[in-house]
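Letter by letter, the chains look like this.
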Amino acid sequence: MNVKIITQPELQDIARRLKGSGARLITIVGTDAGANIEVTYFFHTGVNKTEEYRIIVPKQGGNEEISGISHIWPAAYVAENEVSEMFGVKIKDVPGRFFLHESVTAPLRRKAP
Amino acid sequence: MRSTIQFGPQHPVWIEPLRLKLTMDGEIVKDVELEAGYVHRGLEKKFEWDYNKGAYLSERICGICTQHHSTCYCLAVEGTMKLEITRRAAAIRTIMLELERLHSHLLAIGLTLEAIGFENLFMLCFRNREIVLDVFERTTGNRVLHGINIVGGVTRNIGPEMAKEIMDFCDVMEKRCRDLESMITHSYTIRERMKGVGVLTKQVAIDYSVVGPIARGSGVPYDVRIDAPYLLYNELKLKPIVEESCDVWARSVVRVRELFQSIDLIRQLVPLLEGLPDELAAKSKTLPEGDAFARVEPPRGELFYFARGKKSKEMDRIKVRTSTYANGPALVPVIKGCHLADVGVITISYDPCIGCFDR
Amino acid sequence: MLKILENIIRNALSPPYTSKYPYTPYNHFPGTRADVVFDGQKCILCGLCQRSCPADCIIIHKGEEQVEYLNTQCIRCGYCVRVCPTNAISQNEVYTKPSKEKLTIFTKVTNENAPVIKKRKAAEAAARSASTPEAPGKTPATDKNEKKG
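Residues numbered from 1 in each chain as written. Chains lettered and ligands numbered in written order. Predicted model: local features only at pLDDT ≥ 70, side-chain atom pairs only at ≥ 80, totals over all residues.

### Focus: the sheet that holds strand β2 (residues 19-25) of chain B
Residue and element names in this part refer to chain B.
Next up, step 1: In space, the three strands of this open sheet follow the order β1-β2-β3, with antiparallel pairing throughout. Two strands in the sheet have a free side with no partner beyond their single neighbour: β1 (3-7) and β3 (28-35). Averaged over all pairs of adjacent strands, the angle between their axes in this sheet comes to 25 degrees, without regard to strand direction.
Next up, step 2: Pairing geometry for β1 and β2, over five bridges, is antiparallel. Paired with glutamine 6 across the bridge in β2 is lysine 21. (Pairing = 2+ DSSP bridges. Helix = DSSP H or I, 4+ residues; strand = E, 2+ residues; numbered from the N terminus. Axes fitted to C-alpha atoms, helices over the stretch in contact; angles between N-to-C directions.)

### A word on the sheet that holds strand β4 (residues 49-58) of chain A
Residue and element names in this part refer to chain A.
Next up, step 1: Taken in spatial order, the four strands line up as β1-β4-β3-β2 in an open sheet, and their pairing is mixed. Each edge of the open sheet is held by one strand with a lone partner, namely β1 (3-5) and β2 (24-33). Between one strand axis and the next, the sheet turns by 25 degrees as a mean value, whatever way the strands run.
Next up, step 2: With three bridges connecting them, β1 and β4 associate as parallel partners.

### Quick notes on the interface of chain B and chain A
Next up, step 1: Counting residues at the interface gives 24 residues for chain B, matched by 18 residues for chain A.
Next up, step 2: Where the side of chain B that touches chain A is concerned, the elements lending two or more residues are α1 (43-46), β6 (289-296), β7 (303-310), β8 (315-321) and α12 (323-327) of chain B.
Next up, step 3: Residues that form the side of chain B that touches chain A fall into these classes: ten nonpolar, four polar and ten charged. (Contact = placed C-beta atoms within 7 Å. Nonpolar A, V, L, I, M, F, W, Y, C, P; charged D, E, K, R; others polar.)

### Digging into the interface of chain C and chain B
Next up, step 1: Counting from both sides, the interface comprises 14 residues of chain C and, opposite them, 15 residues of chain B.
Next up, step 2: The leading source of residues in the side of chain C that touches chain B is helix α1 (residues 2-13) of chain C, at three residues.

### A short note on the nonpolar core
Residue and element names in this part refer to chain B.
Next up, step 1: By size, the foremost hydrophobic cluster in this structure holds 85 residues, and its most contacted members are Cys72, Ala76, Val210, Tyr305 and Ala307.
Next up, step 2: Looking at this core element by element, the count peaks at six residues for helix α3 (residues 66-81).
Next up, step 3: Apart from the residues lying within four places of it in its own chain, the contact partners of alanine 307 are Ala76, Val77, Thr80, Ala292, Met315 and Ile318.
Next up, step 4: Ile85, Ile95, Leu124 and Ile166 belong to the second-largest nonpolar core, a separate cluster that totals 30 residues. (Core = buried A, V, L, I, M, F, W, Y, C linked by C-beta atoms within 7 Å. Buried ≥ 20, exposed ≤ 12 C-beta atoms within 10 Å, placed from the backbone.)

### Considerations on helix α4 (residues 87-115) of chain B
Next up, step 1: The end-to-end C-alpha separation of α4(B) is 43 Å, in line with the 42 Å expected for 29 residues at 1.5 Å each.
Next up, step 2: Backbone geometry just after α4(B) places B:Gly117 at a positive phi near 105 degrees. (Expected span 1.5 Å × (residues − 1).)

### Concerning the pairing of strand β3 (residues 36-46) of chain A
All names here are of chain A.
Next up, step 1: As judged from the nine bridges shared by β2 and β3, these two strands associate in the antiparallel manner. Across the sheet, aspartate 32 pairs through a bridge with isoleucine 37, a residue of β3.
Next up, step 2: Remark: two residues form the turn of the hairpin made by β2 and β3, two consecutive strands paired antiparallel; glycine 34 in that turn has positive phi of roughly 80 degrees.
Next up, step 3: In the sheet, β3 pairs with β4 via ten bridges, with the strands oriented antiparallel. Residue pairing for β4: isoleucine 37 is matched across the bridge by valine 57.

### Section: the confidence of the model for chain C
As a note on interpretation, predicted positions should not be read in detail where pLDDT is low.
Residue and element names in this part refer to chain C.
Next up, step 1: Averaged over all residues, the pLDDT of chain C equals 81, while 87% of them reach at least 70.
Next up, step 2: Across residues 138-149, confidence stays below pLDDT 50; counting only partners more than four residues off in sequence or on other chains, it has seven contacts.
Next up, step 3: At the level of chain-chain contacts, confidence expressed as ipTM amounts to 0.90, with global pTM at 0.91. (pLDDT = per-residue confidence, 0-100.)

### Overview of the packing of α4(B) against helix α5 (residues 119-139) of chain B
All names here are of chain B.
Next up, step 1: Packing of α4 against α5 brings their axes to within 8 Å, and their N-to-C directions diverge by 165 degrees. Classified by the interaxial angle, the pair formed by α4 and α5 is roughly antiparallel. You can see that α4 and α5 cross each other, and the crossing is left-handed. Residues Leu99, Leu102, His103, Leu106, Leu107, Ile109, Gly110, Leu113 and Glu114 of α4 form the contact with α5, whose own contacting residues are Glu119, Leu121, Phe122, Cys125, Phe126, Asn128, Arg129, Val132, Leu133, Val135 and Phe136.
Next up, step 2: Tallied by class, residues from the contact of α4 with α5 come to 14 nonpolar, three polar and three charged. (Parallel < 35°, antiparallel > 145°, perpendicular 65-115°, else oblique. Left-handed = near helix turned anticlockwise from the far one by under 90°.)

### Topic: the pairing of β8(B)
Residues and elements named next belong to chain B.
Next up, step 1: Most of β8 sits out of view: seven of its seven residues are buried.
Next up, step 2: As judged from the six bridges shared by β7 and β8, these two strands associate in the antiparallel manner. The partner of arginine 308 across the bridge, within β8, is arginine 317.
Next up, step 3: Between β7 and β8, which pair antiparallel one after the other, the connecting turn spans four residues, and lysine 311 there sits at a positive phi close to 60 degrees.

### Quick notes on the arrangement of the chains
Next up, step 1: Counting contacts across all two pairs of chains found in contact, the highest total belongs to chains A and B.
Next up, step 2: A minimum C-alpha distance of 22 Å separates chain A and chain C, which share no contact.

Structural data, given as structure tokens:
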């Protein structure tokens, strides 16, 4: 798989373009990579063809907000809620919780050794 | 004047806990709110251990699509290690996947019939399901939670006597499924109860990116076995089964017709086992490193696993996205505007597996 | 409609499909994976089964030469059967009956070729021959030859 690293304004354009061309959203995956958190978007665009885009969110920046794509793709609602509550990343226009209780905060984020 | 009814976590219609908060105006539903997380076990954190033991953990996420979960996990981890499996192991895995589709669709059809009140046919579906579970016990050792998939191949073999028994089983199963199909499709009561209920139009289905028999019952021909083939599926002949009427009746007919497609695929696969050398598992010389993902088609929809290794025996990150995870938000536009007596039937026709949803 | 009627009449006139379960026992097919059994004559106390169990239900005690197996925690997966180098673990076809207490099984290892047992017997033989001072040149050599066979 080859991943393209993009910035946030580019993501909104790419999401709109793919919605118009008939692709489908597979899912949104969050990973912890040491100094920052990566959010990867997977799209299915044709027979045996997939595209992956990645956004990098630094941890020390104090939980800055990223804008979600739920107003373009309604299917991204549960996945964005899960990335937001498991890694502590704030996403605009979605409530932050879906699966966990209020007393648990960001369990998948690694503590610095 | 509006009143709120809680279709609560415990309800006799469905098996696992799921909460729907309905705002009613008389008998019609005006607004619905979905809440899940009652069976959340935190498995994505537990997957960061020895990658061999992860195969036994991944098959316990769901009890009905268990073979698909362990196959997809093994395909994703083998992708990070760049490991090729032998052809005999790929053929045995594909036969097990098609047998799994048979017993899962019989359970889903039985539960839909029980939700409308026809308990006799529900018992008949389960009686047919027992002979499929007998075949599983003879080949793998257990009725559910089989445990024959390991990273690199399989552990048990299908010999020539077992192959002949599977072909005899296909004949018995086809006769029983034909009887079941004629009882369901020629029945006036079942058809009138299910037609026109819970309509999911084609445009809404494409917007919400639904997967599985729900998409195929609404006219969207998406099937992972044809759009992104894995294992031995690019050598078999199959076509997607699509219905156009977008309601509960269309989804049930899609499931009934897929039973016969699975029996036909097993009949094409068993002759491919002859003449292959007897190697079942391949040993790997490297440790998992980098990113990889894999997709398969369980009976409920599309399953997606993402794996990342960090050059040691423990995995770095595994992400599971199941089919109910993708179809859950699509419940909301369908339940809005329907009668209260139809909420149970519509939810069961989506075939929800909350153990897969929450992990 | 006619098919349903024919089904009803056929079911009313035939014997019941179920069997009386607790009174007639259920015969599993050969090859079923049920309870795990340890063989004390073949085990060499290497510890591979303890490291590979996903449910952490095997504990090896090298001091007392015993294998402790927590039956109620075992998930019957069969991973330990595959990794044992001397085939000392096997699975039979009889499931444990339900009960109110947890079941733990201790198996004593009596294999003479296990490295732990060999070391203990050699130390005992050396201690014994050092404390009895009669023909010191002959006894230690004959003792060692017995233990190797």
